[in-house]
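Chain by chain, the residues:
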Amino acid sequence: MTIEPTQIHKLEPSRSGPSRQDRISVFVALTAALCMSAAGAATQGTLGNSSSASIAVTANAPPPPRLLQVLNLADVTLNNSLGAPTYAFTALVEGAVTNGTSFNFCVVETTGGNASLTLTSSNGGNNGDGSFRLVHAGSGSFVKYKVALTDVNASVLDARSDANGSSFITTIPGSLVRTSAAACSTDHLKLHLGFRTLPSTGYTYTDTLTIVVTPQ
């Protein structure tokens, strides 16, 4: 009778736990997450023959300055055939306004805030009545006129006549300013000049209106 040798089978180790490759993947993921959370934060040096550390440097700049600009102005020539201006002035001391002109212009305020506008006549201030005046330099004779500032829809921002002075300061609301010169392709302010009539003297009467805008 022949006896066969007994076959002994090795038990394979259980593979129910994570493999080495799985453990490496978890370690890499955790390291990446820690690095992401520490981005921009200071890192401390380690003890050794040399040490390296890092800090993040941040600078918070102040807001840009409020810059202003007046654009789209042009010289005006008045005559007795202009017809009444767009703005309906009331009567001047020497009679009703029958002639005048209106023109658009633009105020830039780079932050879009309110602006303070000052308009001054070069011939005003020492006239007794403080009127806006067109003056003939040689003779000193003059013609009074009125000035009004409105939006493009003729909603009044300020108006002046011989009775209330040849300069004014008024507020241009943020809704009527533009934040860049490029945006001035559509003007938003209108200046109106009105007078009764120029006398038949052959004189040339002049004035200079100065417009200054400042942040408000």
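The shown structure was predicted, so the numbers you read here are calculated from the model rather than taken from an experiment.

## Thoughts on the overall build of the chain
- Looking only at helices and strands, one finds 1 helix and 9 strands in the chain.
- Along its sequence from the N terminus, the chain presents helices and strands in the succession α-β-β-β-β-β-β-β-β-β.
- Every one of the 216 residues in the chain was classed for burial, and the buried ones make up 30%.
- Once local pairs closer than 6 in sequence are excluded, the contacts in the chain between residues at least 24 apart make up 72%.
- If you sum the accessible surface of the chain, you get close to 14100 Å²; carbon and sulfur atoms cover 55% of it.

## Let's talk about the sheet that holds strand β9 (residues 209–215)
- As summarised here, the arrangement of the 3 strands in space is β7-β3-β9, forming an open sheet in which the pairing is antiparallel. Strand pairing shows two members of the sheet lacking a second neighbour, β7 (167–172) and β9, which therefore form its edges. Neighbour to neighbour, the strand axes of the sheet diverge by 20° on average, direction disregarded.

## Considerations on the packing of aromatic side chains
- A full pass over the atoms with the stated rule returns 3 aromatic pairs.
- Residues Y87 and F89 carry aromatic rings whose centres are separated by 4.8 Å and whose planes lie at 85° to one another, so their mutual orientation is edge-to-face. By the burial criterion, Y87 is buried, and F89 matches it.
- Across the ring face of F142, the terminal group of R133 is positioned such that the distance to the ring centre comes to 3.7 Å.

## Thoughts on the state of the cysteines
- Within the structure shown, the criterion is met by 1 disulfide.
- One disulfide in the model links C106 with C184; its S-S distance is 1.9 Å. Here the S-S torsion is close to -65°, and the disulfide linking C106 with C184 is therefore left-handed. Of this pair, C106 sits in strand β2 (residues 99–109) while C184 is found in the loop between β7 and β8 (189–195), placing the two residues 78 residues apart along the sequence.
- Exposure remark for C184: the relative accessible area of 5% places this residue in the buried category.

## Comments concerning the pairing of β7
- Across the two faces of β7 the burial differs, with F168, T170 and I172 buried and S167, I169 and T171 not buried at all.
- Bridge count between strand β3 (residues 115–121) and β7: 6 bridges; the pairing is antiparallel. In the sheet register, T118 faces β7, and the bridge partner there is I169.

## Observations regarding the nonpolar core
- Core analysis: the biggest nonpolar cluster contains 25 residues, and F105, V107, L117, L119, V147 and I172 have the highest contact counts within it.
- Among the secondary structure elements, those contributing two or more residues to this core are β2, β3, β4 (132–135), β5 (142–151), β7, β8 and β9.
- Once you skip the residues sitting within four places of it in the chain, L119 turns out to touch F132, V147, S166, S167, F168, L191, L209, T210 and I211.
- Ranked by size, the runner-up nonpolar core spans 5 residues in total, among them Y87, F89, L92 and A148.

## With respect to the pattern of salt bridges
- Inspection of every chain in the model, using the stated rule, returns 2 salt bridges.
- A salt bridge links E109 to R66, with the nearest nitrogen and oxygen atoms 2.5 Å apart. Here R66 lies in the loop between α1 (20–37) and β1 (68–71) and E109 lies in strand β2, a separation of 43 residues in the sequence.
- Here D158 makes a salt bridge to R160, at a shortest N to O gap of 2.5 Å.
- Residue D158 is classed as buried on the basis of its relative accessible area, which comes to 11%.

## A closer look at unusual backbone geometry
- Despite not being glycine, N72 has its phi angle at roughly 70°, a positive value.
- Looking at the element boundaries, N72 is found in the loop between β1 and β2.
- The phi dihedral of A154 is positive, around 70°, even though this residue is not glycine.
- Relative to the elements of secondary structure, A154 occurs in the loop between β5 and β6 (156–160).
- Overall, the relative accessible area of 31% leaves A154 in the partly exposed class.

Thresholds, definitions, all that
Residues numbered from 1 in each chain as written. Predicted model: local features only at pLDDT ≥ 70, side-chain atom pairs only at ≥ 80, totals over all residues. Heavy atoms only, no water. Helix = DSSP H or I, 4+ residues; strand = E, 2+ residues; numbered from the N terminus. Buried < 20%, exposed > 50% of the residue type's maximum accessible area, 1.4 Å probe, protein only. Contact = heavy atoms within 4.5 Å. Areas by Shrake-Rupley, 256 points an atom, 1.4 Å probe, with all protein chains shown as cover. Pairing = 2+ DSSP bridges. Axes fitted to C-alpha atoms, helices over the stretch in contact; angles between N-to-C directions. Phe/Tyr/Trp six-rings, centres within 6.5 Å; stacked < 30°, edge-to-face > 60°. Lys NZ or Arg CZ within 6 Å of the ring centre and 35° of its normal. Disulfide = S-S within 2.5 Å. Core = buried A, V, L, I, M, F, W, Y, C linked by side-chain atoms within 4.5 Å. Salt bridge = Lys/Arg side-chain N within 4 Å of Asp/Glu carboxyl O.

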